Amino acid sequence: GDATCALCPADTYSPTVGASSCMPCPSNSSSGAGSAAAADCLCAAGFTVQGGACVACAPGTYLFVAPAGGATCVGCPAGMFSEAVAAVSIATCTQCPADTYSPTIGA
């Protein structure tokens, strides 16, 4: 072996004592150097965790980050729409133009 152990590089982690390599973070996520758990891999902006994977917020939704922590994709309000994928703000929701409407949340 080497004289010292190296930190896992950014975007990888190792929860195992005596590991000979580090595991990559899931797609669309990243971590800092020296991460020890998959939970250290944080989803990219506009993505949220679903089933252990980072999934983009669908059109008609945007990423809402709760003040207490945690993030989820929420729908644009009724009367508004968004075609953006992985939106990070309600600002991506646009009012429906004249002669159109959107009665549902998340259009």
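What you see is a predicted model; the values in this text were computed from it and never measured.

1. Digging into the side chain of Thr 12
Item 1. Looking at the element boundaries, Thr 12 is found in strand S1 (residues 12–13).
Item 2. A polar side-chain atom of Thr 12 sits 2.6 Å from the main-chain carbonyl oxygen of Pro 9.
Item 3. Once residues within four sequence positions are removed from consideration, Thr 12 is found in contact with Cys 22, Met 23, Pro 24, Cys 25, Ser 31, Gly 32 and Ser 35.

2. Comments concerning the environment of Thr 72
Item 1. Summarising the element assignment, Thr 72 is placed in strand S8 (residues 71–75).
Item 2. Taking the relative accessible area as the measure of exposure, Thr 72 reaches 41% and is therefore partly exposed.
Item 3. Distance from Thr 72 to Gln 50, taken between C-alpha atoms, is 9.6 Å for residues 22 residues apart in sequence.
Item 4. Filtering out sequence-adjacent residues up to four positions away, Thr 72 remains in contact with Thr 48, Tyr 62, Leu 63 and Phe 64.

3. Here's the deal with the state of the cysteines
Item 1. Taken as a whole and assessed by the stated rule, the structure comprises five disulfides.
Item 2. What pairs with Cys 57 in a disulfide is Cys 73, and their sulfur atoms sit 2.1 Å apart. Every disulfide takes its handedness from the sign of the S-S torsion; for Cys 57 and Cys 73 that torsion is -85°, giving left-handed. Placement of Cys 57 in the loop between strand S6 (53–56) and strand S7 (61–65) and of Cys 73 in strand S8 is noted, with a sequence separation of 16 residues between them.
Item 3. A relative accessible area of 0% means that Cys 57 is categorised as buried.
Item 4. Here Cys 76 connects covalently by a disulfide to Cys 93, the sulfurs 2.1 Å from one another. Every disulfide takes its handedness from the sign of the S-S torsion; for Cys 76 and Cys 93 that torsion is -80°, giving left-handed. A residue pair is termed long-range when its members are at least 10 positions apart, and Cys 76 in the loop between S8 and strand S9 (80–81) and Cys 93 in the loop between S9 and strand S10 (94–95) qualify at 17 residues.

4. Comments concerning unusual backbone geometry
Item 1. Despite not being glycine, Asn 28 shows a phi value in the positive range, around 65°.
Item 2. Summarising the element assignment, Asn 28 is placed in the loop between strand S2 (23–24) and strand S3 (29–30).
Item 3. Residue class for Asn 28 comes out partly exposed when judged on its relative accessible area of 38%.
Item 4. The phi dihedral of Asp 99 falls on the positive side, at around 75°, and the residue is not glycine.
Item 5. Secondary-structure assignment places Asp 99 in the segment after S10.

Rules used throughout
Residues numbered from 1 in each chain as written. Predicted model: local features only at pLDDT ≥ 70, side-chain atom pairs only at ≥ 80, totals over all residues. Heavy atoms only, no water. Helix = DSSP H or I, 4+ residues; strand = E, 2+ residues; numbered from the N terminus. Polar contact = N/O pair within 3.5 Å; in protein donor to acceptor, adjacent residues only side chain to side chain. Contact = heavy atoms within 4.5 Å. Buried < 20%, exposed > 50% of the residue type's maximum accessible area, 1.4 Å probe, protein only. Disulfide = S-S within 2.5 Å.

It is worth stressing that arrangement in space is one thing and function is another; only the former is reported here.
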